[in-house]
Amino acid sequence: MNKADVLKEIIEQRRSIFPKDYTEAEIPQEIIEAVLQASVMAPNHKRTKPWRFKVFRGEEKGRLASEMQGIYKATQPEQVFLEKKFQDIGYKINKADTVISIIVNFSGLVPDWEEIAAVSMAVQNMYLTCTANGIGCYWSSPKLVDHLKESLTIEENQKCLGLFYMGVV
């Protein structure tokens, strides 16, 4: 099979696969590193490299789950708070082997939409690398990530665009 056929097959197989479908198996560190390496190969105008990623695994991932649940509980009026949604937040994060925060760093050198597009292309590279390695993944962008500014040490010129969940399927 030539390179174009292999690439076409990977693109055709790329899907969002959710934590409920992940096994308990651990993703090898070299695959996580390959996913991150592929992400930084995305094109970006004026070489601003606007992506910032933070990898959550193990206890750190558990703290993220608790923090996200706390944010949900604190930001929802009592009449719209759903216990199921509260539990689902923790379940999804804890069921994933790895969660990566997706942050855009606005350089001011190019229009903001170009920086967001470059980060999106970086995430597409992450998706394709996961697919090629048999790893399930998806990009979630809940409104709750707007409240993670402090724990992600997000600066004034940055914005969290969501979380990238990964797990063995």
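Structure shown above.
As the structure is a prediction and not an experimental result, all values here were calculated from the model.

(A) Focus on the environment of Lys 46. Looking at where Lys 46 falls in the secondary structure, it is placed in the loop between helix H2 (29-39) and strand S1 (51-56). Residue Lys 46 is classed as exposed on the basis of its relative accessible area of 55%. Taking the C-alpha atoms as reference points, Lys 46 and Val 35, separated by eleven residues in sequence, lie 23 Å from one another. Leave out the neighbours within four places in its chain, and Lys 46 touches Leu 109 and Val 110.

(B) Representation of the pattern of salt bridges in the model. Per the counting criterion, the structure on display carries nine salt bridges. A salt bridge links Lys 143 to Asp 146; its shortest N-O distance comes to 2.7 Å. Taking relative accessible area as the criterion, Lys 143 reaches 65% and is therefore assigned exposed. Since its relative accessible area comes to 30%, Asp 146 is described here as partly exposed. The structure contains a network of salt bridges with shared partners spanning Lys 143, Asp 146 and Lys 159.

Basis of the calculations
- Once a new chain begins, its residue numbering starts again from 1 and follows that chain's sequence as written.
- Residues qualify for local features only when their pLDDT is at least 70, as the model is predicted, and side-chain atom pairs are given and counted only at 80 or more; totals for whole chains, interfaces and linings, by contrast, use all residues.
- Side-chain metrics rest on all non-hydrogen atoms present in the structure, leaving aside hydrogens and water.
- Starting at the N terminus, helices and strands are each numbered in turn, a helix being any DSSP run of H or I of at least four residues and a strand any DSSP run of E of at least two.
- The rule is simple: take the accessible area with a 1.4 Å probe, protein chains only, and divide by the maximum for that residue type; under 20% is buried, over 50% is exposed, in between is partly exposed.
- A contact between two residues is defined here by any heavy atoms of the two lying within 4.5 Å.
- A pairing counts as a salt bridge when a side-chain nitrogen of Lys or Arg comes within 4 Å of a carboxyl oxygen of Asp or Glu.

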